[in-house]
Amino acid sequence: MLTLPLSGIRVLDASNTYAGPTCGRVLADLGAEVIHVEAMQRWELARMLVLAENDTGERYWNRGGYFMARNLGKQDVTLDLTRPEGVELFKRLAATCDVVLESFAPRVMRGFGLGYDELRAVRPDIIYCSLSGYGQQGPYRDWIAYGMGLEPASGISQTTGYPGEAPMRSGISLTDPLAGLAAASAVLMALHYRRRTGTGQYIDLSEHEAAMPLIGEALLDYQMNGRLPERRGNRSWFAAPRGCYPSLEEGAAHHRSDEGNEPGDTSPIARHAAAGDEWVVISCHDDAEFARLCDAVGHPEWTRDERFAGVLARHDNHDALDLLISGWTRGRTKHDAMATLQAAGVRAAAVLHGKDLLMNEHLRARGHFEVVDHPEIGPRPYPRQLPVHFSEFEAGARGPAPLLGEHNDEVLRDLAGLTDDDLRELRASMVVGERPEPLAPPDAIRGAAEMPLDVLREVGAIKAVEPDYRDRWRTWLGVQ
């Protein structure tokens, strides 16, 4: 039987939503037994995000795609930690575990009596990892932390946006996956340290700080030059041209559109909105690459234009150059434009959306999407959490995400030593269970999860619905 790197390691995962569950998913993919802990009274918000087919089903709390992607291969138990019985059971489980993960505000676990000192008393070599917004020490430690606030707090938003405009967020909770991967790395280092020394330890991880390496260039610029970053949109301080250019809709007939745009049109990219939402990014780092771009698009004369003679000139005349390049890209699909330019040795990439990624031939060839069968929604493709392939083992999902409380009996019997009578009493007193309590009102669930598809399109939550999408991805990924 194949032995994975973390086979024999058990993790008690009391984290929720994104950052902590990402860490737990990495550890599970590497072979650890990960037991996810939530409560009937306070179950994971992610269980309500992106329900399969926008359908609540009979048990809506088991259909959240967001929860599934972060918790593949884990077990699930429910414990009410506001009750002494729940706290005692958590300690019993922790005594059998190597690692504890939690992502509450700093005061919460200590308030339950489940801080590092309390758990070290039942398992002296425990590795205890706390993921919080601003860390366990410092004047911000108790502040409310969330993705929209942590991203600008890390300095990222000061560098993102367009010239002369306000800072912009990246579009996702970027700090969460960064913190989750950093936490997984920290746990692996702590496990290695324990193997060498026999000593466990406490890991204080700040999601705020986990994102700061992304702004290393801006920090160095200020350190060396005393200069604050300027928002540049898609442009670069060294490469020219660099930008995101409009392209032809996939499936549309090709047409020539390289004469440029109408006189006086100084913003071809902004004007593209009426023509669709397909894009290709292009970047030229030196004169030789720019010459290859000009040859590839059929306009070698651009290299002889004094406005573009050298990188400094191209920077000064970037708007004019963008008009010419977008005139060429408009007549081609993003994939055709990328292939043409890459064949000529020019840095170019299509801007892919969700469907492009799922149906991408390169990702399929690399086995990036794993198809996992879930008992309530059937087989679904999920992206790998670790973007690596090892020569000696395969790190990937060990099973579907768990149902709420699915492993209560198995885990609490085998690890906490409970009897059937104990479990009946705990269910009767609602310390454990398999249904949220209280259930959300039906109207609230329909409002959150069963919004009509035409409304979802209007608000931009979805772009389109293809009725045969399941058959198409199953055929593409070779699923029977």
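In what follows, the accompanying structure is described.

Cut-offs used in this document
- Residues numbered from 1 in each chain as written.
- Predicted model: local features only at pLDDT ≥ 70, side-chain atom pairs only at ≥ 80, totals over all residues.
- Heavy atoms only, no water.
- Buried < 20%, exposed > 50% of the residue type's maximum accessible area, 1.4 Å probe, protein only.
- Helix = DSSP H or I, 4+ residues; strand = E, 2+ residues; numbered from the N terminus.
- Pairing = 2+ DSSP bridges.
- Axes fitted to C-alpha atoms, helices over the stretch in contact; angles between N-to-C directions.
- Salt bridge = Lys/Arg side-chain N within 4 Å of Asp/Glu carboxyl O.
- Phe/Tyr/Trp six-rings, centres within 6.5 Å; stacked < 30°, edge-to-face > 60°.
- Lys NZ or Arg CZ within 6 Å of the ring centre and 35° of its normal.
- Patch = residues over 30% accessible without salt bridge, like charges linked within 9 Å, V, L, I, M, F, W, Y side chains within 5 Å.
- Areas by Shrake-Rupley, 256 points an atom, 1.4 Å probe, with all protein chains shown as cover.
- Lys, Arg positive; Asp, Glu negative; His and termini not counted.
- Polar contact = N/O pair within 3.5 Å; in protein donor to acceptor, adjacent residues only side chain to side chain.
- Contact = heavy atoms within 4.5 Å.

To continue, consider the pairing of strand β7 (residues 242-246). Look at any regular strand and the pattern is simple: side chains alternate between the two faces of the sheet. Among the five residues that make up β7, four are buried, leaving the element largely enclosed by the rest of the structure. Sheet analysis places β7 next to strand β8 (residues 279-283), joined by five bridges and oriented antiparallel. Bridge pairing in β8 places Gly 243 opposite Ile 282.

This next bit is on the sheet that holds strand β9 (residues 347-350). Taken together, the three strands give an open sheet; going across it, the order is β7-β8-β9, and neighbouring strands pair in antiparallel fashion. Looking at strand neighbours, the two that pair on one side only are β7 and β9, the edges of this open sheet. In this sheet, neighbouring strand axes are inclined to one another by 20° on average, regardless of whether the strands run parallel or antiparallel. Bridging between β8 and β9 involves four bridges; their strand directions are antiparallel.

The next subject is the pattern of salt bridges. Under the definition given, this model contains 34 salt bridges. Here Asp 319 makes a salt bridge to Arg 235, at a shortest N to O gap of 2.6 Å. With Asp 319 in helix α14 (residues 318-329) and Arg 235 in the loop between α10 (216-225) and β7, this residue pair connects regions lying 84 residues apart in the sequence. According to the relative accessible area criterion, Asp 319 is partly exposed, its value standing at 47%. Overall, Arg 235 belongs to the partly exposed group, its relative accessible area being 32%. Two residues, Glu 466 and Lys 355, come together in a salt bridge whose shortest N-O distance is 2.7 Å. Pair noted here: Glu 466 is in the loop between α21 (453-459) and α22 (469-477) and Lys 355 is in helix α16 (residues 354-358), with a separation of 111 residues, a long-range link. You can call Glu 466 partly exposed: its relative accessible area is 27%. Classification of Lys 355 by relative accessible area gives partly exposed; the value is 40%. Here the salt bridges do not stand alone but share partners, grouping Arg 25, Asp 29, Glu 370, Arg 384 and Glu 394 into one network.

With that out of the way, let us pick up the packing of aromatic side chains. As enumerated under the stated definition, the model contains 12 aromatic pairs in all. Centre to centre, the rings of Trp 43 and Tyr 60 are 6.1 Å apart; their planes meet at 50°, and the pair counts as tilted. Of this pair, Trp 43 sits in the loop between β2 (33-38) and α2 (65-70) while Tyr 60 sits in the loop between β2 and α2, and the two are 17 residues apart along the sequence. No difference in accessibility class separates Trp 43 from Tyr 60, as the two residues are buried. Aromatic pair Tyr 116 and Tyr 202: ring centres 5.4 Å apart, planes at 35°, arrangement tilted. One end of the pair, Tyr 116, is in helix α5 (residues 116-122); the other, Tyr 202, is in strand β6 (residues 201-206), and 86 residues separate them in sequence. Judged by relative accessible area, Tyr 116 falls into the buried class, the value being 15%. Three or more aromatic residues joined by ring pairs form one cluster here, namely Trp 43, Tyr 60 and Trp 61. Sitting over the face of the ring of Tyr 66, Arg 70 holds its NZ or CZ atom 4.9 Å from the ring centroid.

The next subject is a nonpolar patch on the surface. A grouping of Leu 45, Leu 49 and Val 50 is seen on the molecular surface, where their side chains present a nonpolar patch of about 280 Å² in accessible area. Considering the arrangement of structural elements, one finds Leu 45 in the loop between β2 and α2. Take Leu 45: its relative accessible area is 56%, and that puts it in the exposed class.

Cis geometry marks the peptide bond from Ala 240 to Pro 241; its omega dihedral reads 5°. Tracing the chain through its elements places Pro 241 in the loop between α10 and β7. Positive phi is not limited to glycine here, since Val 50 has a value of about 60°. By secondary structure assignment, the location of Val 50 is in the loop between β2 and α2.

Moving on to the side chain of Arg 231. Along the chain, Arg 231 turns up in the loop between α10 and β7. Glu 165 provides the closest opposite charge to the buried, unpaired Arg 231, separated from it by 7.8 Å. In terms of polar contacts, Arg 231 uses its side chain to reach the backbone carbonyl oxygen of Gln 158, at 3.2 Å. A polar side-chain atom of Arg 231 sits 2.9 Å from the main-chain carbonyl oxygen of Glu 165. Sequence-distant contacts of Arg 231, defined by excluding residues within four places in its chain, comprise Ser 157, Gln 158, Thr 159, Thr 160, Gly 161, Tyr 162, Pro 163, Glu 165, Ala 166 and Pro 167.

Reading across from one edge, β3-β2-β1-β4-β5-β6 is the order of the six strands in this open sheet, with parallel pairing throughout. Looking along the sheet, the strands with just one partner apiece sit at the ends: β3 (75-78) and β6. Neighbour-to-neighbour, the strand axes of this sheet turn through a mean angle of 20°, independent of strand direction. As judged from the four bridges shared by strand β4 (residues 99-102) and strand β5 (residues 127-132), these two strands associate in the parallel manner. Within the sheet, the bridge partner assigned to Val 100 lies in β5 and is Tyr 128.

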